[in-house]
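Listed below, chain by chain, are the residues.
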Amino acid sequence: MVTTKPLFWRDSRMPHVELRQVEDGRQVCYAPHSHTQWSIGAITGGRSTYCYRSDRYRVVAGDLVLMNPEWVHHCNPIEDEPWAYFMMYVDTDWLTDLRYRSGLLPLRQWHDIETPMVSDALWYQRYCQMADCLLDNRRDLLEKQTEVVSFLSDLMHELASQPADTRPQAPDTLRSLAAYLAEHVAEDISLEDLCDRSGYSAGHLVRAFKQHFGLTPHAYLVNRRIQLGRQALKEGTPIIDAALDAGFADQAHFQRTFKRLMAATPKQYRLGSAQQQVQATGGK
């Protein structure tokens, strides 16, 4: 039976990776957002529209979509057509270390992967094989770890040959503002404060920030708050505490925003962690 509720797989013994499965995505609509992790998804049924920064793609079953940390994207259904997918989130520091130890990076520093999507039956099959392994409670830890490392190591080598992106980087001033927002995510920050820090006028600041980051300063701050709340929920924090700690005025506002950006409720996301914890401990 196909379910419309998202499934989240997590295992505390593999904190660097998380998997989401949606079997019926007709009601799954995302607002533009970004993640702190590197992400890779597989379209397992139907088709949808994938918006990645300023580009738009039509993706179908068998396609893989790739998303760099902090790159704004959203993937939504086409009218009422059915579609299904997996999405895997990989810790950026862990993947950076994997690439560095594989000789693919000169320094242990993150470098964006320029490929937005892969349409290749072999890579799709390997992704689904890895996802099935993670979701199978009968598989042991070593097998799951091996599947993840083998798939990502091979894929990173494959993608290393792709041409580099030539788009200009954000100016230092805007990067500093983004870092400031990330560091003060739970605080009440004003546009005047950002203008004082940057020397930009309000209109120029909003336009320039959105041009380089894909979100206005306010949308960037809200997105960061949701990522902070998401991490707290993953660790088992009660929803109300996660909401307040992330800077939301109340739980209702947090729930509405979380659903808009994550296409799942905080409860659905938190339950994924609780269910997996039972599996990881053998139901004890």
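Report follows, based on the coordinates. (Residues numbered from 1 in each chain as written. Predicted model: local features only at pLDDT ≥ 70, side-chain atom pairs only at ≥ 80, totals over all residues. Heavy atoms only, no water.)

## Concerning helix α6 (residues 202-213)
The terminal C-alpha atoms of α6, which comprises twelve residues, lie 16 Å apart, in line with the 16 Å expected from a rise of 1.5 Å per residue. Among the residues making up α6, those that are buried are Leu205, Ala208, Phe209 and Phe213. Axial view of α6: buried residues confined to an arc of 105°, hence all on one face. Residues of α6 that are exposed and angled more than 90 degrees away from the buried face: Arg207 and Gln211. Those residues of α6 that are buried are in contact with α4 (172-183), α5 (191-198) and α7 (217-234). Once α6 finishes, Gly214 follows within two positions and takes phi at roughly 80°, a positive value. (Helix = DSSP H or I, 4+ residues; strand = E, 2+ residues; numbered from the N terminus. Expected span 1.5 Å × (residues − 1). Buried < 20%, exposed > 50% of the residue type's maximum accessible area, 1.4 Å probe, protein only. Arc of directions from axis to C-beta. Contact = heavy atoms within 4.5 Å.)

## Quick word on the packing of aromatic side chains
What the rule picks out here adds up to 14 aromatic pairs. When the centroid spacing of 5.3 Å and the interplanar angle of 35° are considered together, the rings of Tyr52 and Trp71 count as tilted. One end of the pair, Tyr52, is in strand β3 (residues 38-52); the other, Trp71, is in the loop between β5 (63-67) and β6 (73-77), with 19 residues separating them in the sequence. For Tyr52, a relative accessible area of 3% corresponds to the buried category. For the pair Trp123 and Phe151, a centre-to-centre distance of 6.0 Å together with 75° between the ring planes defines the contact as edge-to-face. With Trp123 in helix α2 (residues 121-135) and Phe151 in helix α3 (residues 141-159), this pair connects stretches of sequence that are 28 residues apart. (Phe/Tyr/Trp six-rings, centres within 6.5 Å; stacked < 30°, edge-to-face > 60°.)

## Points about the side chain of Thr96
Tracing the backbone through its elements, the reader meets Thr96 in helix α1 (residues 92-101). Excluding residues within four positions of it along the chain, Thr96 makes contact with Leu105, Arg108, Gln109 and Trp110.

## Considering α4
With twelve residues, α4 ought to run about 16 Å at 1.5 Å a step, and its terminal C-alpha atoms sit 16 Å apart, in line with that. All of the buried residues along α4 are Leu174, Leu177, Ala178, Tyr180 and Leu181. The buried side chains of α4 occupy one side of the element, clustering within an arc of 160° when seen end-on. In α4, the exposed positions angled more than 90 degrees off the buried face are occupied by Asp172 and Glu183. Buried positions along α4 lie against α5, α6 and α7.

## Some details on the packing of α5 against α6
The geometry of α5 relative to α6 is characterised by a closest axis approach of 10 Å and an angle of 85° between their N-to-C directions. With respect to α6, the element α5 is oriented roughly perpendicular. For the pair α5 and α6, the contacting residues are Leu191, Leu194, Cys195 and Ser198 in the first and Ala202, Leu205 and Val206 in the second. Here the contact of α5 with α6 is built from residues that sort into six nonpolar, one polar and no charged. (Axes fitted to C-alpha atoms, helices over the stretch in contact; angles between N-to-C directions. Parallel < 35°, antiparallel > 145°, perpendicular 65-115°, else oblique. Nonpolar A, V, L, I, M, F, W, Y, C, P; charged D, E, K, R; others polar.)

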